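Survey of secondary and tertiary structure
Next come the chains, spelled out residue by residue.
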Amino acid sequence: FHLFWLSLIPYTIRWLDESGFAALAVAAYGIVLGMASIGYELLVRAIIASHPANAAIARAVGRDIKGRLSVASYAVAAALALVHPGIALAIYLSIILLWFVPDRRMERILRD
């Protein structure tokens, strides 16, 4: 699921370029990114489920606020893209910047 949606990113980027950032292309880009984000969440949950309940990975991931915020932001931005594509692109950029901030959860995994 996750890899399928990731494979569509180059096509939506090309559509964005060819359309001059048309509203529908920006919305489709957000939908693809949002679905890839959902796929990532499902993948993380499957990895956690394959370990004991008190495993280091489960403790490190915790509530996964960044992941859930990303999914919600992609949904809002994709809908907003039909009204104002520029604001949607700014939201997509903010999600990217959110993930550039180092994640302290991984430090917990390495310590355990």
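Read on for a plain summary of the structure. (Residues numbered from 1 in each chain as written. Predicted model: local features only at pLDDT ≥ 70, side-chain atom pairs only at ≥ 80, totals over all residues. Heavy atoms only, no water.)

1. Observations concerning the packing of aromatic side chains
The condition is simple: The criterion for an aromatic pair is that two Phe, Tyr or Trp rings (for Trp, the six-membered ring) have centres within 6.5 Å, with stacked assigned to planes under 30 degrees apart, edge-to-face to planes over 60 apart and tilted to the rest. Strands here mean DSSP runs of E at least two residues long; helices mean DSSP runs of H or I at least four residues long; both are numbered from the N terminus. Note on exposure labels: buried denotes an accessible area under 20% of the residue type's maximum, exposed denotes more than 50%, and partly exposed covers the range between, all computed with a 1.4 Å probe on protein chains only. Remark: a charge is flagged as sitting over a ring if the NZ atom of Lys or the CZ atom of Arg is within 6 Å of the ring centre and within 35 degrees of the ring normal.
Applying the stated rule across the entire model yields 5 aromatic pairs. Between Tyr 40 and Trp 99 the ring centres are 6.3 Å apart and the planes differ by 80°, which places this aromatic pair in the edge-to-face class. Here the residue Tyr 40 occupies a position in helix 3 (residues 23-49), and Trp 99 occupies one in helix 6 (residues 85-100), the gap between them amounting to 59 residues. What makes Trp 99 partly exposed here is its relative accessible area of 34%. With a centroid separation of 6.1 Å and 40° between ring planes, the pair formed by Tyr 74 and Tyr 92 is classed as tilted. Note that Tyr 74 is positioned in helix 5 (residues 65-81) and Tyr 92 in helix 6, a separation of 18 residues in sequence. Accessibility assignment for this pair places Tyr 74 and Tyr 92 in one class, buried. Each member of the aromatic cluster is reached from another via a ring pair, and the members are Phe 1, Phe 4 and Trp 5. In this structure, Lys 66 is placed above the aromatic ring of Trp 99, and the distance from its NZ or CZ to the ring centre is 4.7 Å.

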